[in-house]
Amino acid sequence: MYLGFFLIIISSLFLIFKKLKVFPKTKNAIIGGALSGLSAGLLGTGGAIRGITLTTFKIDKNKFVATSAIIDLGVDFTRTIVYYFNGYMHKHNFYLIPILIVVSIVGTWIGKKILDKVSQEQFRNFVLLLILIIGIISVASTI
């Protein structure tokens, strides 16, 4: 619930105050990464915090997507190893891996085509709006 309130407040601030920016310094990146990692460890997802961090740095939309994707790749790779060795993954499902790889490549290609048609400001507002919605749903689900 507290994470939901945090997401609502932060995303609202950056949606209302368009010129507000957090400088992408090492200290700010470490704080954002630590909060994202903590959220991922406790709640199973750190994407919203990572999205807030990358959005507040006002980085280019292509760099945003690439940075988020490479972080997800690292997190999901390590998570896959943990799941496998704890018995949550079974060999009879491994045939899905090539299918998922193809789907992810096609999805990436489609996403890139859409991203090329969206302005930087539209992208930023869209990300902040999604994070606001995530915060609202998070708070509402605990009531």
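Residues numbered from 1 in each chain as written. Predicted model: local features only at pLDDT ≥ 70, side-chain atom pairs only at ≥ 80, totals over all residues. Heavy atoms only, no water.

**Things to note about helix 2 (residues 26-43)**
Heads up, the condition is: In this text, helices come from DSSP runs of H or I with a minimum length of four residues, and strands from runs of E with a minimum of two, each type numbered from the N-terminal end. By this rule, a helix spans an expected 1.5 Å times one less than how many residues it contains. Burial classes: relative accessible area under 20% of the type maximum marks a residue as buried, over 50% as exposed, and values in between as partly exposed (1.4 Å probe, protein chains only). Directions drawn from the helix axis to the C-beta atoms are what define this arc. Any pair of residues with heavy atoms lying within 4.5 Å of one another is described as a contacting pair.
With 18 residues, helix 2 extends 25 Å from end C-alpha to end C-alpha; this agrees with the ideal 26 Å at 1.5 Å per step. Within helix 2, burial applies to Gly32, Ser36 and Ser39. Projected onto a plane normal to the axis of helix 2, the buried residues spread over an arc of 60° and lie on a single side. Opposite the buried face of helix 2, by more than 90 degrees, sit the exposed residues Thr26, Lys27, Ile30, Gly41 and Leu42. Packed against the buried residues of helix 2 are helix 1 (2-16) and helix 3 (47-56). Following helix 2 by one or two positions, Gly44 adopts a phi angle in the positive range, close to 90°.

**Quick look at the environment of Gly107**
Mapped onto the secondary structure, Gly107 falls in helix 5 (residues 96-116). When the C-alpha positions of Gly107 and Phe14 are compared, they lie 29 Å apart, and in sequence the two are 93 residues distant.

**Observations regarding the packing of helix 4 (residues 61-85) against helix 6 (residues 120-142)**
Heads up, the condition is: To get an axis, a line is fitted to the C-alpha atoms, and for a helix only the part in contact is used. The angle between two axes follows their N-to-C directions and goes from 0 to 180 degrees. Angle categories: roughly parallel below 35 degrees, roughly antiparallel above 145, roughly perpendicular from 65 to 115, and oblique for all the rest. Amino acids are sorted into nonpolar (Ala, Val, Leu, Ile, Met, Phe, Trp, Tyr, Cys and Pro), charged (Asp, Glu, Lys and Arg) and polar (every other residue, Gly among them).
It is at 10 Å that the axes of helix 4 and helix 6 come closest, and there the two elements cross at 40°. Relative to helix 6, the element helix 4 is oriented oblique. Across from Lys61, Phe64 and Val65 in helix 4, the residues of helix 6 making contact are Gln120, Phe123 and Val127. Partitioning the contact of helix 4 with helix 6 into residue classes produces four nonpolar, one polar and one charged.

**Let's talk about a nonpolar patch on the surface**
Our working rule: Patch membership needs two things, relative accessible area over 30% and no salt bridge, and members are linked within 9 Å if like-charged or within 5 Å if nonpolar (Val, Leu, Ile, Met, Phe, Trp, Tyr). Note on areas: these come from Shrake-Rupley sampling with a 1.4 Å probe, and a residue is covered only by the protein chains present in the view. The rule for a salt bridge is simple: a side-chain nitrogen of Lys or Arg has to be within 4 Å of a carboxyl oxygen of Asp or Glu.
Nonpolar side chains collect at one region of the surface, where Met1, Tyr2, Phe5, Ile9, Leu13, Ile16, Phe17 and Leu20 lie side by side and expose about 850 Å² of accessible area between them. Within the secondary structure, Leu20 sits in the loop between helix 1 and helix 2.

By themselves, these figures tell us nothing about what the structure is for.
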